[in-house]
Each structure stands twice: as structure tokens, then as C-alpha cells.
Amino acid sequence: MEVWTRSQVLATAPDDASRRAALPLVSSRVWSESGRAPRPGDEPADELLWGRCHGSATYAVVVAPGPPPALTASCTCPSRKSPCKHALALLLRWADALLPPAAPPPWAGVPAAPAGRGADPERVPDPEAAAARAAERRAKVDAGLDELDRWLADQVRGGLSAWERRPWARVEGVAARMVDAQAPGVAGVLRGLPGLLARTDQSGWPAQLLEALAGLHLLVVAHRGLDRLPPDLAATVRSRIGYPVAKAAVLAGPGVLDDWSALGAVDSLEGRLESRRVWLWGRATQSWALLLSFAVPGAGLDTSVEVGQVLHAAVHRYPGGAEHRVLLGEQQETEAVPDWPHETVADARRRWAGQLRADPWSTRMPVVLRAVPVRPDHVGGAWHLADPDGTGVRLLTGPGEPWPLLAASGGDAVDVFGEWGPAGFAPLRLLDATAGTPRLVAAA
């Protein structure tokens, strides 16, 4: 059997939380024994993976991989996810060539249960057990967020000037506590706070930091009243906290069939994972969708959807009032060419306000602006995209200046795709209607 790649392993994770939790467990120091051996009774090339992983207890893990993404797995941990984080870590060790050939111990038999999402088709779900697990997690999250709220009050009471000294050290302890409290989404926000000091000028970071801390406090308050919130807003709060949503549950929901044009992609590093955002525009539904994928550094990100491609596909949305993220369902070939909407700066600003009403913790919104690049009048000033009436939005162009965008526009209004956020507009692509495809002229 050909050894799986890391990307193939991570693609089998039931959710993002499992994917992140598996990465620290690849280290040899948490495995007292592990190995691989020919699988009994199968083809000679088929292998059986086994190991003992030490955490809060010692867990016996066995995985029988097939052609990706097929696998069966068993683990003595209490998780009902399948594959669990221990099985994912064992597969990653196999992908990294860290499993030596060895005779399997007596307990390492071939797993019998299919590892799709941890569900045995012969077993009837126990609603009381599921409710007990949900209540236990809710109690852990509640306790962690109460600690976070006290920490937030301390930051404001003590003043923000202390953040100029080792800001990463200020957040690491409380971020780790949020991971323990099963609130990984909050931990990610906390670990991103020190970056505000590096990305903004000396006079602007206190306001942005205070706004971010206030957003976390709002999230704590919203979670306390979670049961009283409208369903869409409650789903948004759960998503921001980091409650897992199984892919199978998303795909079980209704799909929206349309021609989806891939207008832009953004790669970024989030903790120990690289991520890729691919933005899609639906021709008939006139709506946006987001494909999000992850990979460990060096493993290569998903390239199955490329900018400029048109997919005739059903998309299944994750829950949430202003949620763009989707999973692709049934797909068919199409010869359609990309198309896109366009908005004025004023239109986009109104839509951003509506998105914030539905999701006050939003950080980005896809936009195609038909506007003119405006060069600042003074050295060091901010570039803008402006409507004909002068309404403008700040361009976020990183360390460089958007001369290619200005040159491509010729001083006229052009269609520019990018991400709108609290600090301004990050341009990603110039959309050329004459060529029928997006082309890159400026990156955020």
C-alpha cells in the first residue's frame, strides 16, 4: 500500500478541532510504543498501524488504512469522533515515516468498525448520553469563559500600555486555558491579539486592541445567554467559541445547486496549520460561499479548486447567521465562464453593517468593488479605492504600494475583488470582463 500524505490524513478529520488536536500528538514522546505490520488476512501490501498514546490516560490505538480516505480505526479513548485525534496522530506518524516495522502486540487486532464519523450503523444513538456529553462540554466552556472575562477586566483595569512589552507572553497562558476549556476559537483570537501591535501604526493599536477585547467580552456575554438567542445567532456564537460541527452533519443539510465562480484565494498561517480560503460567487443565487482547507506546513494545500474555475455544484452551508463557509456536494462539469457582481464603496459599507448585525465578530467579507484607485496626496498617506462621488475605503496593501493596480486601471473605475474588514479593503484580484477570467494584479 502507498503511504498516505499528510494532506490525505488531515482530510479524514471529522472537524477542525480534531485536526488541530492531533498535531501535537505526532511527537514521539507521547507514544510509549508504536509500529506497523502487514495486516492479517489482507493483501501483503496492506498495513496495520498500532500504538499506545499517553495523555490524561494511556490509550491503545489501532488503524487499518485503505485507499484514501478509507480507513477503520479503534481507540480506547472516550471520544465518539472517528477517527479520533489519537488515530489521526498515528496516521500522521505513518505519513512521516515514524512507525517502524514490528510485530503487533496481542491487543492490536484489525478494527471492525468503519471510521466515517464514529457511527456504528448497528448501534442506536443514545440521546441521554449525547445530552450528558453536551452538558459537560457546556459546563467546561462556561467555566473557561468566566475566567476569560475576569482576565479581560484586568487588562482594561491595568491599562493597555503594558501590552507593548512581550504581548505574546500576556496571552499564551489564557489561550492555553481556553483550549483546556474546549473553546479553541477563543484561543485563536487571543493568540492573534499581539499581531495587532505589529500591523498597525504606533498611534492606532490601542484602539484596535480595545475593540478586540470588547469583542471577546461580548462573546462571553452572548454565550451566557446562548439558550435565549435566535437559532442563527446561537450557531454563530458556537462557531466563534469553537464548538465542533461534523462535516457529515453539514453535508446532510440542504444543498444549493448553482454555477460557482472561484474569484480569489488567500493563503495564511493559523497556529500550526496553513489555511486556504477560496471565495466563490453563485451566478443564480447571487450569493457568496467560502471553501476553507487546512494543511500542516510543507504538506501542500488543497488545489482542487483554482481561481478562475467555474463549478456546477451543490454547496452545503455551515450553520450561522452570516456564515459563508460551505462544503462541496455533488459536482458536474460545466463550460460556463466566470462572472461576478460589483458594488460601490457605499453599497459595500452598508452590506458590511448588515453582516456585523448578524455576526458582530466578523473579520472579513468578500466584495467586488467597481472603483478608482486613488493615490495619496502626501508621502506616507493611505491609498484608497473611491467611488465617482468621492466615497472611499482604505486599501490594505501590505508593505508595498498598489502601483500595478493603478496602472491597470488607467485612472478609470475597475472591478477589484478582495476582502473587506474593520481596517479597510485588501485587494486580491483585478477582474477583467474582456478576458472572462480573474487575473492577479495586486495582493493584500
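Everything below is about the structure printed above this text.
The structure contained in this document is the topic of the report that follows. (Residues numbered from 1 in each chain as written. Predicted model: local features only at pLDDT ≥ 70, side-chain atom pairs only at ≥ 80, totals over all residues. Heavy atoms only, no water.)

**Overview of the overall build of the chain**
For the chain, the helix and strand inventory stands at twelve helices and 15 strands. Here the chain holds 444 residues, and the buried ones make up 44% of them. A sequence separation of at least 24 residues applies to 62% of the contacts in the chain between residues at least 6 apart. (Helix = DSSP H or I, 4+ residues; strand = E, 2+ residues; numbered from the N terminus. Buried < 20%, exposed > 50% of the residue type's maximum accessible area, 1.4 Å probe, protein only. Contact = heavy atoms within 4.5 Å.)

**Let's talk about unusual backbone geometry**
Following Pro 68, the chain continues to Pro 69 via a peptide bond in cis, the omega torsion being 5°. Secondary-structure assignment places Pro 69 in the loop between strand 3 (58–65) and strand 4 (71–75). Phi is positive for Gln 286, which is not a glycine, with a value near 55°. Tracing the chain through its elements places Gln 286 in the loop between strand 6 (273–282) and strand 7 (288–295).

**Some details on the nonpolar core**
General note: in soluble globular proteins, nonpolar side chains tend to be found buried as a group. Membership of the largest hydrophobic core comes to 32 residues, with the highest contact counts inside it found for Leu 148, Trp 151, Trp 163, Val 186, Leu 190, Leu 193 and Ile 241. Going through the elements one at a time, helix 4 (127–158), helix 5 (167–180), helix 6 (184–192), helix 7 (194–199), helix 8 (205–224) and helix 9 (231–241) are the ones with two or more residues in this core. Sequence-distant contacts of Leu 190, defined by excluding residues within four places in its chain, comprise Leu 148, Trp 151, Val 171, Val 174, Ala 175, Met 178 and Leu 216. Counting 29 residues, the second largest nonpolar core, distinct from the first, contains Leu 25, Leu 71, Trp 94 and Leu 273. (Core = buried A, V, L, I, M, F, W, Y, C linked by side-chain atoms within 4.5 Å.)

**As for the pairing of strand 7**
Among the eight residues that make up strand 7, seven are buried, leaving the element largely enclosed by the rest of the structure. Hairpin connection between strand 6 and strand 7: a loop of five residues separates the two successive antiparallel strands, and Gln 286 in this loop has a positive phi of roughly 55°. (Pairing = 2+ DSSP bridges.)

**Thoughts on the environment of Cys 84**
Tracing the backbone through its elements, the reader meets Cys 84 in the loop between strand 4 and helix 3 (85–95). Excluding anything up to four places from it in sequence, Cys 84 contacts Cys 75, Cys 77 and Ser 79.

**Quick look at the sheet that holds strand 2 (residues 47–54)**
Spatially, the four strands line up as an open sheet ordered 1-2-3-4, and their pairing is antiparallel. The strands lining the two open edges of the sheet, one partner per strand, are strand 1 (31–38) and strand 4. Taken pair by pair, the neighbouring strands of this sheet meet at an average axis angle of 10°, ignoring direction. Note that strand 1 and strand 2 share seven bridges and pair antiparallel. Bridge pairing links Ser 34 to Gly 51 in strand 2. Of the strands in this sheet, strand 1, strand 2, strand 3 and strand 4 touch helix 3, which is tilted by about 60° from strand 3. (Axes fitted to C-alpha atoms, helices over the stretch in contact; angles between N-to-C directions.)

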